[in-house]
Amino acid sequence: MDWIINDELGLTVGHLVGWTSASFMVVGGVLPYIPQYRQIKQTQDPEGFSLHVCLALLVANTLRILFWFSSRYELPLLVQSVVMNITMFLMIHLCVKVRRNNAIMRMPDRVFSDFDSRYFWQWTDFQSYVDFMLVVWAVGAAITYLMLSVTWFMETIGFLAVFTEAMLGLPQFVRNYKNKSTHGMSICMVIMWTAGDMFKTGYFILRHAPTQFWICGTLQVSLDLAILLQVYIYRKNPAPRNAHRGD
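For clarity, every value in this text was computed on a predicted model and none was experimentally measured. (Residues numbered from 1 in each chain as written. Predicted model: local features only at pLDDT ≥ 70, side-chain atom pairs only at ≥ 80, totals over all residues. Heavy atoms only, no water.)

Draft legend 1. A look at the overall build of the protein. Looking only at helices and strands, the protein has nine helices and two strands in total. Counting from the amino terminus, the protein carries its helices and strands in the arrangement β-β-α-α-α-α-α-α-α-α-α. Per-residue burial for the protein yields a buried fraction of 43% across its 247 residues. For the protein, the share of sequence-separated contacts (at least 6 apart) that also reach a separation of at least 24 residues comes to 76%. Surface exposure of the protein reaches about 13,700 Å², of which carbon and sulfur atoms provide 67%. (Helix = DSSP H or I, 4+ residues; strand = E, 2+ residues; numbered from the N terminus. Buried < 20%, exposed > 50% of the residue type's maximum accessible area, 1.4 Å probe, protein only. Contact = heavy atoms within 4.5 Å. Areas by Shrake-Rupley, 256 points an atom, 1.4 Å probe, with all protein chains shown as cover.)

Draft legend 2. Expanded view of the pattern of salt bridges. Tallying each qualifying case throughout the model produces one salt bridge. Across the pair aspartate 116 and arginine 118 runs a salt bridge whose closest N-O atoms are separated by 2.8 Å. The exposure class assigned to aspartate 116 is partly exposed, which follows from its relative accessible area of 25%. A relative accessible area of 59% places arginine 118 in the exposed class. (Salt bridge = Lys/Arg side-chain N within 4 Å of Asp/Glu carboxyl O.)

Draft legend 3. Broad picture of the environment of tryptophan 137. By secondary structure assignment, the location of tryptophan 137 is in helix H5 (residues 126-147). Remark: the alpha-carbon pair of tryptophan 137 and leucine 66, spanning 71 residues in sequence, is separated by 9.1 Å. Not counting residues within four places of it along the chain, the set of residues in contact with tryptophan 137 comprises Thr62, Asn85 and Phe89.

Draft legend 4. Focus on unusual backbone geometry. Although it is not a glycine, glutamine 44 sits at a positive phi angle of roughly 55 degrees. Within the element layout of this structure, glutamine 44 appears in the loop between helix H2 (33-43) and helix H3 (51-71). Of note, the phi angle at tryptophan 121 is positive, near 60 degrees, even though the residue is not glycine. With respect to the element layout, tryptophan 121 can be found in the loop between helix H4 (75-102) and H5.

Draft legend 5. Representation of H3. For H3, which comprises 21 residues, the first-to-last C-alpha distance of 30 Å matches the rise-based estimate of 30 Å (1.5 Å per residue) to within 8%. For H3, a buried count of 15 out of 21 residues is recorded, marking the element as mostly surrounded by other parts of the structure. (Expected span 1.5 Å × (residues − 1).)

Draft legend 6. Representation of the nonpolar core. Judged by nonpolar contacts, the single largest core of 33 residues is most densely connected at Tyr33, Phe49, Leu51, Met88, Ile92, Trp121 and Trp193. Residue assignment for this core shows that the elements contributing at least two residues are H2, H3, H4, H5, helix H8 (187-206) and helix H9 (211-233). Ranked by the residues each element gives to this core, the list is headed by H4, at nine residues. In this structure, methionine 88 is in contact with Tyr33, Cys54, Leu57 and Leu58, ignoring residues within four places of it in sequence. Counting residues in each nonpolar core, the second largest holds 18 residues, with Leu78, Ala161, Phe204 and Ala209 among its members. (Core = buried A, V, L, I, M, F, W, Y, C linked by side-chain atoms within 4.5 Å.)

Draft legend 7. Layout of the state of the cysteines. Counted by the stated rule, this structure contains zero disulfides. Free of any disulfide, cysteine 54 has its nearest neighbouring cysteine sulfur in cysteine 95, separated by 6.3 Å. (Disulfide = S-S within 2.5 Å.)

Draft legend 8. Looking closely at a nonpolar patch on the surface. Residues Phe159, Leu160, Phe163 and Leu219 make up a contiguous nonpolar surface patch of about 310 Å² in total accessible area. Within the element layout of this structure, leucine 219 appears in helix H9. (Patch = residues over 30% accessible without salt bridge, like charges linked within 9 Å, V, L, I, M, F, W, Y side chains within 5 Å.)

Draft legend 9. Molecular detail of the packing of aromatic side chains. For the coordinates displayed, the defined rule picks out 17 aromatic pairs. Pairing phenylalanine 112 with tryptophan 123 gives two aromatic rings, centres 5.5 Å apart and planes at 80 degrees, and the pair type is edge-to-face. Of this pair, phenylalanine 112 sits in the loop between H4 and H5 while tryptophan 123 sits in the loop between H4 and H5, and the two are eleven residues apart along the sequence. There is no split in this pair, since phenylalanine 112 and tryptophan 123 are both buried. Grouping aromatic residues by their ring pairs yields a cluster made of Phe112, Phe115, Phe120, Trp121, Trp123, Tyr129 and Phe132. Sitting above the plane of the tyrosine 177 ring, lysine 180 keeps its charged end 3.8 Å from the centroid. The cationic tip of arginine 235 hangs over the ring face of tyrosine 232; the distance from NZ or CZ to the ring centre is 4.1 Å. (Phe/Tyr/Trp six-rings, centres within 6.5 Å; stacked < 30°, edge-to-face > 60°. Lys NZ or Arg CZ within 6 Å of the ring centre and 35° of its normal.)

These values are about where atoms sit, not about what they do.
Structure (structure tokens):
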């Protein structure tokens with residue numbers, strides 16, 4: 001039986017644990033990106049971080065927000081998605097700014113409105129990333145409105161949301177593999193990814209979140225561990241001479 005902390009409010013240890021867990025769910029996903037953000041800002045080198053991680057999280061959290069209108073899962077998970085989207089835009093803004101400042105010669109502008117698939121997610125201005133996501137949000141909202149009563153469709157949206165998030169480490173894994181190096185990637189970020197994903201998966205199971213959530217959470221933890229294995233394998237490798245720029 002939970003200990004009563006305050007008889008008047010009926011506050012119990014269980015309530016405190018629940019509120020603490022919910023609060024961590026909201027901000028915990030953001031914490032791993034703080035050391036990566038600081039590292040990029042200090043070194044003025046964004047090439048070790050894959051911007052496709054941001055793409056994966058923006059899409060995943062957008063789908064999760066749309067799924068909420070059907071499933072009405074716990075509010076902290078919804079708030080977490082909003083906070084994560086804001087964080088990803090901050091990461092993109094920093095990387096784009098640093099790349100422009102580092103350019104020895106002025107590069108041709110590559111913007112979303114060019115509709116050139118060769119430079120998808122390699123645009124040279126921050127506004128293009130915002131414009132792309134505005135289109136995704138508008139189309140997603142319209143489709144969700146029309147298909148909200150179609151159970152199988154909304155369940156698919158929920159699965160795609162958590163599956164996309166589960167695969168967010170894949171671009172970083174591929175980048176490390178191509179470079180045969182983890183230079184420029186914040187190891188602290190990956191360790192915090194792993195710890196956070198383990199906590200999140202446990203939270204999904206204990207709080208009886210939709211099945212898609214904890215299955216894909218397990219997949220996400222596995223990918224985190226694979227990236228940590230790369231850190232060990234490539235620990236003696238120097239920084240790559242020809243970085244794979246622009247994602």
